[in-house]
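Per-entry structural report
Here is what each chain is made of, one letter per residue.
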Amino acid sequence: MPFAPPLIGEEEIAEVVDTLRSSWITTGPKTRQFETDFAAYLQAPGALAVSSCTAALHTALVSARVGPGDEVITTPMTFAASVNVIEHVGARPVLVDVEPDTLNLDPKNVAAAMTPRTRAILAVHYAGHPAELDALSAIAAARGGDCILVEDAAHALPARYRGRPIGSGGNPTAFSFYATKNLTTAEGGMLTAAPEFLAQARIVGLHGMSRDAWKRYAQGGSWYYEVLLPGFKYNMTDIQAALGLWQLRKLARFQQRRAEIVDQYNRAFADEPALELPVTRPEVEHAWHLYVVRLRLDALSIDRNRFIHELAARNIGTSVHFIPIHLHPYYRDRYGFSPASFPVAYANYERMLSLPLAPRLSDADVGDVIEAVRDVVRSFRT
Ligand SMILES: *Cc1c(COP(=O)(O)O)cnc(C)c1O
């Protein structure tokens, strides 16, 4: 069983074909429509469609003028892209340890790591559970306008924090439409932010040009543009947006199915002492991008790697989210980290695995996963 197969329907296929038969295949009317629909769905002040979440994060940091000499506080419990973009702008990533339950950025560690050079806090809504936005916003706001909160919402579409959709708050927020994410355009991303910030991001994300190509070539457009800064080539194509338009219309249904699967896992494993199940704090709505179980290693005679191997032998694909940033050779060597530098992230990494979770899974598929997990636990209980 694949870990997270995409769910692409006939509507997406027809819309892509329609784009291919039209005279406009790159950034154009479908991209603009996708931005409008996406912003409306999240009650966001505005949205910029880009080529990836990585591009959205990079664009956000450049637009906020974060650069050499600056520090950005973030989490080790994320995909490398969240931290690589900090290196891309020449700033220093300052990792701090996570909360033991949600594995999100711990606000008290963030507060302790603030220095006069801190220009941004980059929060990742791990697995789809929103980070502590009120506390993190307050820490950033205490610096006046000098420090911004940027959200990596690659997992958090759609999620809510205290009733408010992630992406609606005006902080620059980056979404991913990579093949495995809750909504996919094969590759793609979106940046939501306040209108003034987005106006700058639109320039940064397309060569630093003051007008984009669609406006220039459309009827009534002008051939004239100015390059205001050496920007990047991060635009989304209408072929991708064609997928996104339909994926967005289906998102509520996809989420309903994710929640059902989570419910089945939760009920099946509730009384299993060898497994620690994901938490949902009362103030959030979880996007359930990932279902991460943590093994109670003292209740088992095997480690996490062997547990994954045993599930694979039973035809169940799993993954690990994530190998903490501080273990990767580039970051380990550049900043002199050891595994113990972030003990909560490390200890949880050692015992975590992500079970299959995707709207395409049938009840029979979910039953197979449950049976396989139970069988492995039964076989290796201490
Ligand atoms: C997938 C992912 C990204 C990168 O998304 P892309 O669209 O592939 O650039 C960034 N951060 C996190 C936490 C992710 O899971």
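Residues numbered from 1 in each chain as written. Predicted model: local features only at pLDDT ≥ 70, side-chain atom pairs only at ≥ 80, totals over all residues. Heavy atoms only, no water.

1. Topic: the pattern of salt bridges
Note the following rule: Salt bridges are defined as contacts in which a side-chain nitrogen from Lys or Arg sits within 4 Å of a carboxyl oxygen from Asp or Glu. By the criteria applied, helices consist of DSSP H or I runs no shorter than four residues and strands consist of E runs no shorter than two, each listed in order from the N terminus. We call a residue buried when its accessible area falls under 20% of the maximum for its residue type, exposed when it is over 50%, and partly exposed in between, using a 1.4 Å probe and counting protein chains only.
Summed over the entire model, instances satisfying the criterion amount to 27 salt bridges. The partner of R32 in a salt bridge is E35, and the shortest N-O contact between them spans 3.2 Å. Within this pair, R32 and its partner E35 are both found in helix 2 (residues 29-42), separated by three residues, close to a single helical turn. R32 gets classed as buried once you look at its relative accessible area, which sits at 17%.

2. Considering the packing of aromatic side chains
For clarity, the cut-off: Note on aromatic contacts: the rings of Phe and Tyr and the six-membered ring of Trp form a pair at centre separations within 6.5 Å, being stacked when their planes are under 30 degrees apart, edge-to-face when over 60 apart, and tilted otherwise. Two thresholds decide whether a charge sits over a ring: the Lys NZ or Arg CZ must be within 6 Å of the ring centre and within 35 degrees of the ring normal.
Applying the stated criterion across every chain yields a total of 16 aromatic pairs. The interplanar angle of 70 degrees and the centroid separation of 6.1 Å between the aromatic rings of F34 and F38 together place this pair among those described as edge-to-face. Taken as a pair, F34 and F38 lie in helix 2 at a separation of four residues, close to a single helical turn. An aromatic cluster is present here, built from Y330, Y331, Y335, F337 and F342 joined pairwise through their rings. Over the face of the ring belonging to W246 we find R249, whose NZ or CZ atom lies 4.4 Å from the ring centre. Here R304 stacks its cationic end above the ring of Y349, 4.7 Å away from the centre of that ring.

3. Remarks on the sheet that holds strand 13 (residues 352-355)
Stated precisely, the cut-off is as follows: A pair of strands is considered paired only if DSSP assigns at least 2 bridges between the two. We call two residues contacting when some pair of their heavy atoms lies within 4.5 Å. Angles shown run from 0 to 180 degrees and are taken between the N-to-C directions of axes, each axis being a line fitted to C-alpha atoms and, for helices, limited to the stretch in contact.
With respect to topology, three strands assemble into an open sheet ordered 10-12-13, the strand pairing being antiparallel. Since the sheet does not close on itself, it has two edges, and those belong to strand 10 (275-276) and strand 13, each with one partner. Of the pairings in the sheet, the one linking strand 12 (residues 291-295) to strand 13 comprises four bridges and is antiparallel in character. Within the sheet, the bridge partner assigned to V293 lies in strand 13 and is L353. The strands that helix 9 (residues 238-269) touches are strand 10, strand 12 and strand 13; relative to strand 12, the one it contacts most, it runs at about 20 degrees.

4. Details of the pairing of strand 3 (residues 92-95)
What counts, and what does not: When the strands point away from the viewer and the path from the first strand over the helix to the second turns clockwise, the crossover is right-handed.
Bridging between strand 2 (residues 71-74) and strand 3 involves four bridges; their strand directions are parallel. Residue pairing for strand 3: V72 is matched across the bridge by P93. This β-α-β element, strand 2 to helix 4 (residues 80-88) to strand 3, shows right-handed connectivity.

5. As for a nonpolar patch on the surface
Short version of the rule: Like-charged residues are merged into a patch within 9 Å and nonpolar side chains (Val, Leu, Ile, Met, Phe, Trp, Tyr) within 5 Å, provided each residue has over 30% relative accessible area and no salt bridge. Surface accessibility in these figures is a Shrake-Rupley result with a 1.4 Å probe; residues are shielded only by whichever protein chains are displayed.
Where nonpolar side chains cluster on the molecular surface, the patch consists of I8, I13 and V17 and spans about 210 Å² of accessible area. In this structure, V17 sits in helix 1 (residues 10-21). Residue classification places V17 among the partly exposed residues on the basis of a relative accessible area of 33%.

6. Comments concerning helix 7 (residues 195-204)
Looking only at helix 7, the buried set comprises F197, L198, A201, I203 and V204. Against the buried residues of helix 7 lie strand 1 (47-50), helix 3 (53-63) and strand 9 (189-192).

7. Topic: the domain arrangement of the protein chain
Convention followed: Residue ranges assigned to the domains are those given by an automatic or database domain assignment. Two parts placed together each lose some accessible area under a 1.4 Å probe, and the buried area is that loss summed for both.
According to the domain assignment, the protein chain consists of domain 1 (10-248) and domain 2 (251-379). Between domain 1 and domain 2, the C-alpha centre-to-centre distance is 26 Å. Residue-level contacts link 42 residues of domain 1 with 36 residues of domain 2. Summed over both partners, the interface of domain 1 with domain 2 comes to about 3400 Å²; 59% of that surface belongs to carbon and sulfur atoms. Ranking the residues of domain 1 by area buried against domain 2 places D97, H129 and N182 at the top, with a combined share of 18%. Here domain 1 and domain 2 share five salt bridges between them.

8. Quick look at the pairing of strand 5 (residues 148-152)
On a regular strand, one side chain projects to one face of the sheet and the next to the other, so that they alternate. Extensive coverage of strand 5 is indicated by the burial of four of its five residues. Pairing analysis gives five bridges linking strand 4 (residues 118-124) to strand 5, with the strands arranged parallel. The partner of L122 across the bridge, within strand 5, is V150. Once the chain exits strand 4 it traverses helix 6 (residues 133-141) before rejoining the sheet at strand 5, and the crossover so formed is right-handed.

9. Things to note about the site of the ligand
Our working definition: Throughout this document, a residue counts as near a molecule or strand when at least one of its heavy atoms sits within 4 Å of that molecule or strand. A 3.5 Å cut-off defines polar contacts: any pair of N or O atoms within that distance qualifies, except that in protein one atom must be a possible hydrogen donor and the other a possible acceptor, and neighbouring residues in sequence count only when both atoms are side-chain atoms.
Around the ligand, a shell composed of 15 residues is seen, among which T54, D152, H155, S176 and K181 lie nearest. Within the contact set of the ligand, an oxygen atom lies 2.7 Å away from a side-chain nitrogen or oxygen of H155. Protein contact buries 92% of the 380 Å² of open area that the ligand shows by itself.

10. What to know about helix 10 (residues 304-313)
Residues three or four positions apart in an α-helix share a direction because the helix packs 3.6 residues into each turn. We count it as follows: For this quantity, the arc is that covered by the directions from the helix axis to the C-beta atoms.
Of the residues making up helix 10, those classed as buried are R304, F307, E310 and L311. Buried residues in helix 10, looked at end-on, bunch into an arc of 115 degrees, giving them a common side. Opposite the buried face of helix 10, by more than 90 degrees, sit the exposed residues H309 and A313. As for helix 10, its buried residues are in contact with strand 10, strand 12, helix 12 (343-349), strand 13 and helix 13 (363-379). The backbone nitrogen of N305 has a side-chain oxygen 3.3 Å away, supplied by the residue at the start of helix 10, namely D303.

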